[in-house]
Amino acid sequence: MEQLFTSLLNHSSVRSFQEKKVPDSVKKNLVAAAQSGSSSNFVQAYSMIEIRDPKRLALIEDIANCPGYVANAGVFYIFVADLNRHAQLLAHYDQADKIENLKTIESLTVAIVDTTIAAQNMVNYAEANDLGICYIGGIRNDLFKIADLLDLPSYTFPLFGLSIGYPKNKNQVKKRLPAEEIVSIDSYQAVNFDLLENYNQQTARYYAQRSSNQQQTDWSQKMLDYFRSPRRVDTITFLKQQGFIFTETSENSPIE
Ligand SMILES: Cc1cc2nc3c(=O)[nH]c(=O)nc-3n(C[C@H](O)[C@H](O)[C@H](O)COP(=O)(O)O)c2cc1C
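Bear in mind the structure is a predicted one, so any value in this text is a computation, not a measurement.

## As for the overall build of the protein chain
For step 1, the next point in the chain: When its secondary structure is counted, the protein chain shows 10 helices and four strands.
For step 2, the next point in the chain: For the protein chain, the α and β elements follow one another from N to C terminus as α-α-β-α-β-α-α-β-α-β-α-α-α-α.
For step 3, the next point in the chain: Principal-axis analysis of the C-alpha atoms gives the protein chain an extent of 60 × 50 × 40 Å.
For step 4, the next point in the chain: Taking contacts inside the protein chain between residues at least 6 apart in sequence as the whole, the part at least 24 apart equals 76%.
For step 5, the next point in the chain: Carbon and sulfur atoms provide 51% of the accessible area of the protein chain, an area that totals close to 15,900 Å².
For step 6, the next point in the chain: Across the protein chain, the mean location of the 25 positive side-chain charges is 8 Å away from that of the 29 negative side-chain charges.

Rendered as structure tokens:
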């Protein structure tokens, strides 16, 4: 148990891998770990696409702007929030009229949560077994190209890639926000700017001293930069293309 805790606290993203493929036996366990996660109403609304084709890997690496850590990973998966399986199932059982019910924001939320839980389960297993990982949200830089490349059907949303492999270099662990800033009791708490100032000083030291890509910044400044302008504004256009609907529906049914 303590070993798992140590592994979780030692997490840092790996962006440089040894030239060594992850063996099938390990990949089998990675997938089993992912699939063992909780799933809202047991919908299991995700697919994992392992990308092996070097041409596809190169294209994805380019779209995601992650030089050297997609194509050179020991294995690379794309995690897809997937309600197409359920659309097929409804059609198969002559309930195609119910496909409407999986186009909603709620269904999409369920699928995104399920997919993310599966991915993090895979990550936890990988890291506990000395593999390094990096999530690749950069695939959403061009959702249309990714969907085209992977033949993604309606009611699917490629959320992120996951590079896994044997680390060549490991980055220093980044200190997280103080727990007091994240955890409150009984009701929501506003930001404690004194705590935050202390955290900014810690992160400023980290960014100034880390072994590569040193920067004069801190966490708050990073967030100001991040939210300076809207990002990936065509995500909604993509989701509409995929069949999701962003309007209110009048009926309601019990929720989990
Ligand atoms: C959903 C998600 C998408 C991410 N996408 C990228 C990415 O496209 N490229 C990249 O280099 N890192 C990516 N990361 C890694 C984050 O930058 C990293 O987790 C964060 O800076 C914290 O650093 P650490 O993981 O080393 O602790 C992503 C992380 C998450 C959770």
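## Details of the sheet that holds strand S4 (residues 156-165)
For step 1, the next point in the chain: Spatially, the four strands line up as an open sheet ordered S1-S2-S4-S3, and their pairing is antiparallel. Each having just a single partner strand, strand S1 (46-50) and strand S3 (132-136) make up the two edges of the open sheet. The sheet shows a mean angle of 25 degrees between the axes of neighbouring strands, taken without regard to direction.
For step 2, the next point in the chain: With eight bridges joining them, strand S2 (residues 75-82) and S4 adopt antiparallel strand pairing. The residue bridging Phe-79 from the neighbouring strand is Phe-160, located in S4.
For step 3, the next point in the chain: Where helix H2 (residues 24-35) meets the sheet, its contacts fall on S1, S2 and S4, and the angle it forms with S1 comes to roughly 165 degrees.

## Comments concerning the packing of aromatic side chains
Two measures describe an aromatic ring pair: the distance that separates the ring centres and the angle between the ring planes.
For step 1, the next point in the chain: In the structure shown here, the tally under the stated rule is eight aromatic pairs.
For step 2, the next point in the chain: Relative to Phe-227, the ring of Tyr-226 lies with its centre 4.8 Å away and its plane at 85 degrees, an arrangement referred to as edge-to-face.
For step 3, the next point in the chain: Take Phe-227: its relative accessible area is 60%, and that puts it in the exposed class.
For step 4, the next point in the chain: An aromatic cluster of three or more residues is present, and its members are Phe-79, Tyr-135 and Phe-160.
For step 5, the next point in the chain: In this structure, Lys-20 is placed above the aromatic ring of Tyr-166, and the distance from its NZ or CZ to the ring centre is 4.1 Å.
For step 6, the next point in the chain: One Lys or Arg, Lys-222, reaches over the ring of Tyr-207 and ends 5.0 Å from the middle of that ring.

## Some words on the layout of surface pockets
For step 1, the next point in the chain: If you add up the space inside the largest pocket, you get close to 1,800 Å³.
For step 2, the next point in the chain: Broken down by secondary-structure element, the contributors of at least two residues to the lining of the largest pocket are helix H1 (2-9), helix H5 (105-128), S3, helix H8 (193-209) and helix H9 (219-226).
For step 3, the next point in the chain: If one sorts the elements of the lining of the largest pocket by residue count, H8 sits on top with seven residues.
For step 4, the next point in the chain: The residue inventory of the lining of the largest pocket, partitioned by class, reads 18 nonpolar, 20 polar and 12 charged.

## Notes on a nonpolar patch on the surface
For step 1, the next point in the chain: A contiguous nonpolar patch, built from Met-1, Leu-4, Phe-5, Leu-8 and Leu-9 and spanning about 550 Å² of accessible area, is present on the exposed surface.
For step 2, the next point in the chain: As for its placement among the helices and strands, Leu-4 is situated in helix H1.
For step 3, the next point in the chain: Note on Leu-4: relative accessible area 37%, which makes it partly exposed.

## Re unusual backbone geometry
For step 1, the next point in the chain: Despite not being glycine, Gln-44 has its phi angle at roughly 50 degrees, a positive value.
For step 2, the next point in the chain: Note on placement: Gln-44 falls in the loop between H2 and S1.
For step 3, the next point in the chain: Residue Gln-44 is classed as partly exposed on the basis of its relative accessible area of 27%.
For step 4, the next point in the chain: Of note in the backbone geometry, Asp-151 takes a positive phi value of approximately 55 degrees without being a glycine.
For step 5, the next point in the chain: Here Asp-151 shows up in the loop between helix H6 (143-149) and S4.
For step 6, the next point in the chain: Judged by relative accessible area, which is 63%, Asp-151 ranks as exposed.

## A short note on the site of the ligand
For step 1, the next point in the chain: Inspection of the region around the ligand gives 13 residues, with His-11, Ser-13, Tyr-69, Gly-137 and Lys-174 positioned closest.
For step 2, the next point in the chain: Residue His-11 places a side-chain N or O atom 2.6 Å away from an oxygen atom belonging to the ligand.
For step 3, the next point in the chain: Within the contact set of the ligand, an oxygen atom lies 2.7 Å away from a side-chain nitrogen or oxygen of Tyr-69.
For step 4, the next point in the chain: With the chains in place, 66% of the 620 Å² that the ligand exposes on its own is no longer accessible.
For step 5, the next point in the chain: Across the shell around the ligand, the residue classes tally to five nonpolar, five polar and three charged.

## Here we look at H2
The periodicity of an α-helix, 3.6 residues per turn, causes residues three or four places apart in sequence to face the same way.
For step 1, the next point in the chain: Under the 1.5 Å per step criterion, the end-to-end length of H2 is 16 Å for 12 residues, consistent within 8% with the ideal 16 Å.
For step 2, the next point in the chain: Listing the buried residues of H2 in full gives Lys-27, Leu-30, Ala-33 and Ala-34. Projected down its long axis, H2 carries its buried residues within an arc of 120 degrees, all on one side. Of the exposed residues in H2, the ones pointing more than 90 degrees away from its buried face are Asp-24 and Lys-28.
For step 3, the next point in the chain: Tucked inside the fold, the buried residues of H2 contact S1, S2, H5 and S4.

The rules behind each value
Per chain, residues are indexed from 1 in the order of the written sequence. Local features in a predicted model are, by the rule used here, given only for residues with pLDDT of at least 70; side-chain atom pairs are given and counted only at 80 or more, and totals for whole chains, interfaces and linings are based on all residues. Neither water nor hydrogens contribute to the side-chain values; these are computed over all heavy atoms in the structure. Each helix corresponds to a stretch of at least 4 residues labelled H or I by DSSP, and each strand to a stretch of at least 2 residues labelled E; elements are numbered beginning at the N terminus. Two residues form a contact once any of their heavy atoms are found within 4.5 Å. Reported accessibility uses the Shrake-Rupley method at a 1.4 Å probe radius. Residues are deemed covered only where the shown protein chains occlude them. For this count, His and the chain ends are skipped, Lys and Arg are scored as positive, and Asp and Glu as negative. We put the charge of a Lys on NZ, of an Arg on CZ, of an Asp on CG and of a Glu on CD. Two strands qualify as a pair provided DSSP detects at least 2 bridges between them. Fitting a line to C-alpha atoms yields each axis, with helices limited to the stretch in contact; the angle taken between N-to-C directions then spans 0 to 180 degrees. When two rings of Phe, Tyr or Trp (its six-membered ring) have centres within 6.5 Å they constitute a pair, described as stacked for plane angles under 30 degrees, edge-to-face for angles over 60, and tilted for the intermediate range. Accessible area is worked out with a 1.4 Å probe on protein chains only. A residue is then buried under 20% of its type maximum, exposed over 50%, and partly exposed in between. Our definition puts a charge over a ring when NZ of Lys or CZ of Arg is within 6 Å of the ring centre and also within 35 degrees of the ring normal. Both site types are read off a 1 Å grid over the protein atoms alone. A 1.4 Å probe that fits but cannot get out defines a cavity, while an open set with protein on both sides within 12 Å along at least five of seven lines defines a pocket; lining residues have an atom within 4 Å of a point. Grid points are joined across faces, edges and corners, and a volume is the space filled by probe spheres set on the points. Residues were grouped as follows: Ala, Val, Leu, Ile, Met, Phe, Trp, Tyr, Cys and Pro as nonpolar; Asp, Glu, Lys and Arg as charged; and all remaining residues, including Gly, as polar. What goes into a patch is any residue over 30% in relative accessible area without a salt bridge, connected to like charges within 9 Å or, for nonpolar side chains (Val, Leu, Ile, Met, Phe, Trp, Tyr), within 5 Å. Take a side-chain nitrogen of Lys or Arg and a carboxyl oxygen of Asp or Glu: if they are within 4 Å of each other, that pair is a salt bridge. In these notes, residues near a molecule or strand are those with any non-hydrogen atom within 4 Å of it. Nitrogen and oxygen atoms within 3.5 Å of one another constitute a polar contact, given that in protein one can donate a hydrogen and the other can accept it, and given that sequence-neighbouring residues count only through two side-chain atoms. What a helix is expected to span follows from its residue count: subtract one and scale by 1.5 Å. Directions are taken from the helix axis to each C-beta atom, and the arc is the one they span.

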